[in-house]
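As a plain string of letters, each chain reads:
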Amino acid sequence: MLLIKKLRLGLHLARGLLVALLIFPFLSEAAKHRRIRLWSQKLLRLCGMRLEVEQHAPLPESGVMLLCNHVSWIDIFAINAWRPVRFVAKAEIRHWPLVGWLCVQTRTIFLQRERRADARRIMHYLSDCLRDGDIITVFPEGTTTDGRSLLPFHANLLQAPVTTGKPVQPLCLFYADEASGRHTMAPAYIGETRLIESIDMILRAPPMTVRLSVGAPQYPQEGQHRRAFALGAQKAVGEALQAFLPEAVLPANGSVGSRDAAFDGEAGDSAEAVRI
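Since the structure is predicted, the reported quantities are computational estimates derived from the model, not experimental observations.

Calculation rules
Residues numbered from 1 in each chain as written. Predicted model: local features only at pLDDT ≥ 70, side-chain atom pairs only at ≥ 80, totals over all residues. Heavy atoms only, no water. Phe/Tyr/Trp six-rings, centres within 6.5 Å; stacked < 30°, edge-to-face > 60°. Salt bridge = Lys/Arg side-chain N within 4 Å of Asp/Glu carboxyl O. Buried < 20%, exposed > 50% of the residue type's maximum accessible area, 1.4 Å probe, protein only. Helix = DSSP H or I, 4+ residues; strand = E, 2+ residues; numbered from the N terminus. Contact = heavy atoms within 4.5 Å. Polar contact = N/O pair within 3.5 Å; in protein donor to acceptor, adjacent residues only side chain to side chain. Core = buried A, V, L, I, M, F, W, Y, C linked by side-chain atoms within 4.5 Å. Expected span 1.5 Å × (residues − 1). Pairing = 2+ DSSP bridges. Axes fitted to C-alpha atoms, helices over the stretch in contact; angles between N-to-C directions. Parallel < 35°, antiparallel > 145°, perpendicular 65-115°, else oblique. Left-handed = near helix turned anticlockwise from the far one by under 90°. Nonpolar A, V, L, I, M, F, W, Y, C, P; charged D, E, K, R; others polar.

K.L.:
Looking at this structure, I do not really get the packing of aromatic side chains. What am I missing?
P.N.:
Two descriptors summarise a pair of aromatic rings, namely the distance from one centre to the other and the angle between the planes of the rings. Scanning all chains against the criterion turns up four aromatic pairs. Clustering of aromatic rings is evident, with ring pairs tying together Trp39, Trp73 and Phe77.

K.L.:
Looking at this model, I keep getting lost on the pattern of salt bridges. Mind explaining?
P.N.:
Opposite charge on two side chains lets them pair, provided their charged atoms get close. Inspection of every chain in the model, using the stated rule, returns eleven salt bridges. A salt bridge links Glu52 to Arg50; the shortest N-O distance between them is 2.9 Å. Taking the shortest distance from any N to any O, the salt bridge between Glu197 and Arg194 comes out at 3.4 Å. Here Glu197 falls in the partly exposed class, since its relative accessible area comes to 33%.

K.L.:
So what exactly am I meant to see when it comes to the environment of Pro220 here?
P.N.:
On the secondary structure map, Pro220 appears in the loop between strand S7 (208-214) and helix H8 (226-244). Among all residues touching Pro220, those that are not within four sequence positions of it are Pro161, Val162, Gly165, Lys166, Pro167 and Phe229.

K.L.:
Please clarify how the side chain of Asp200 should be interpreted in this entry.
P.N.:
Mapping Asp200 onto the fold places it in helix H7 (residues 195-204). Residue Asp200 is classed as buried on the basis of its relative accessible area, which comes to 17%. Only 2.8 Å separates the side chain of Asp200 from the side chain of Lys6, close enough to count as a polar contact. Apart from the residues within four sequence positions on either side, Asp200 is in contact with Leu2 and Lys6.

K.L.:
Just checking my understanding: could you explain the nonpolar core for this structure?
P.N.:
One recurring pattern in soluble globular proteins: nonpolar side chains tend to sit buried together. Counting residues in each nonpolar core, the largest one holds 42 residues, and the members touching the most others are Met49, Ile74 and Ile79. Those elements that place two or more of their residues in this core are helix H1 (2-22), helix H2 (29-46), strand S2 (64-68), helix H3 (75-82), strand S6 (168-177), H7 and S7. Among the elements that take part in this core, H3 stands out by supplying six residues, more than any other. For Met49, the contacting residues outside a window of four places in its chain are Leu44, Ile74, Tyr175, Pro187, Ile202, Met208 and Val210. Judged by nonpolar contacts, the second largest core, of 33 residues, contains Val88, Leu126, Leu130 and Phe229.

K.L.:
Got a minute to help me understand the environment of Ala20 in this structure?
P.N.:
Within the fold, Ala20 resides in helix H1. The spacing of Ala20 and Ile36 is 16 residues in sequence and 9.5 Å in space, taken between C-alpha atoms. With sequence-adjacent residues up to four places away left out, Ala20 is seen in contact with Pro25, Trp101, Leu102 and Gln105.

K.L.:
Whenever I open this one, helix H5 (residues 118-131) confuses me. Can you help?
P.N.:
In this model H5 runs 20 Å from its N-terminal to its C-terminal C-alpha over 14 residues, within 8% of the 20 Å that 1.5 Å per residue would give. Listed in full, the buried residues belonging to H5 are Asp118, Ala119, Ile122, Met123, Leu126, Ser127, Cys129 and Leu130. Residues of H5 that are buried sit in contact with S2, strand S3 (86-90), strand S4 (109-111), strand S5 (135-138) and helix H6 (159-164). Just beyond H5, the residue with positive phi is Gly133, at close to 95 degrees.

K.L.:
Where do I start with the sheet that holds S5 in this structure?
P.N.:
Sheet strands line up and pair through hydrogen bonds in the backbone, either parallel or antiparallel. Ordered by their spatial adjacency, seven strands build an open sheet running S1-S7-S6-S2-S5-S3-S4, and the pairing between neighbours is mixed. The sheet terminates laterally at strand S1 (49-55) and S4, the two strands that pair on one side only. Taken pair by pair, the neighbouring strands of this sheet meet at an average axis angle of 25 degrees, ignoring direction. Here S3 pairs with S4 via three bridges, running parallel. Looking across to S4, one finds that Val88 is bridged to Ile109. Sheet contacts for H5: S2, S3, S4 and S5; angle to S4, the most-contacted strand, approximately 165 degrees.

K.L.:
Mind showing me how you'd approach the packing of H2 against H3 here?
P.N.:
How two helices pack is summed up by the angle between their axes together with the distance between the axes. Between H2 and H3, the least distance of the axes is 7 Å, while the angle of their chain directions is 130 degrees. Classified by the angle between their axes, H2 and H3 sit oblique to one another. Of the two possible hands of crossing, H2 and H3 adopt the one that is left-handed. Contacts from Ile36, Arg37, Trp39, Ser40, Gln41, Leu43 and Leu44 in H2 reach Phe77, Ala78, Asn80, Ala81 and Trp82 in H3. Looking at the contact of H2 with H3 residue by residue, the classes come out as eight nonpolar, three polar and one charged.

K.L.:
I'm lost on the environment of Ser198 in this one. Help?
P.N.:
By the element assignment, Ser198 lies in helix H7. The exposure class assigned to Ser198 is buried, which follows from its relative accessible area of 0%.

Read these as spatial facts, not as claims about activity.
What follows is the structure, given as structure tokens:
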């Protein structure tokens, strides 16, 4: 049974590659988005997942950065199944078989973690994208968790909305066993888990529900530092997570990621501060 599920998933990935290679060059952006959304919805179904969206506020009409907790590689497809957007991702993903090429076709923004200056380059590029009206998703924890906690947000990339005056909008993903409604660890892509091992865990698991909470947009105040701005978004994502899982562990009050040197001239590894 697992082999059949893997074959179906592999065929779906291959079909996505062919569509991106042969059809995407001739489509409008709106048509691309429709196909990305439908393809992502089917990917979730093949992985035994059903998406539920709790949207508490609409997206702003032009230019917004979505900030989401990070549990798994499949987070990207869960969000795209709701609304196709651009993502910021670590540069290594570009070289993943099949998935990396698909990310390139969906205009993913890749970040070179090992290059100290890349955070500043990305910030300027993100500012331009927000001014152009793009919807960009960032995972500001900088790494994945098992879904039962939220890590302090790193604030580097939030300089882009602070500089442009564009809003951020908090998202929260929660993976639950469909039968019981309880949290499931199956999608968690943590520690030394390899991608193929994570896929196996997802395909072996009972049916799951992916719950996505979409909060209200938050606009930067005049003169506000990005760390203070990050705290507000972090609080909103944490509250959404605790609505799904009351015992979820949140960062201490006033705590944000400390590796935030790229724009302040402080000592430290600024590339790690924006690890995706």
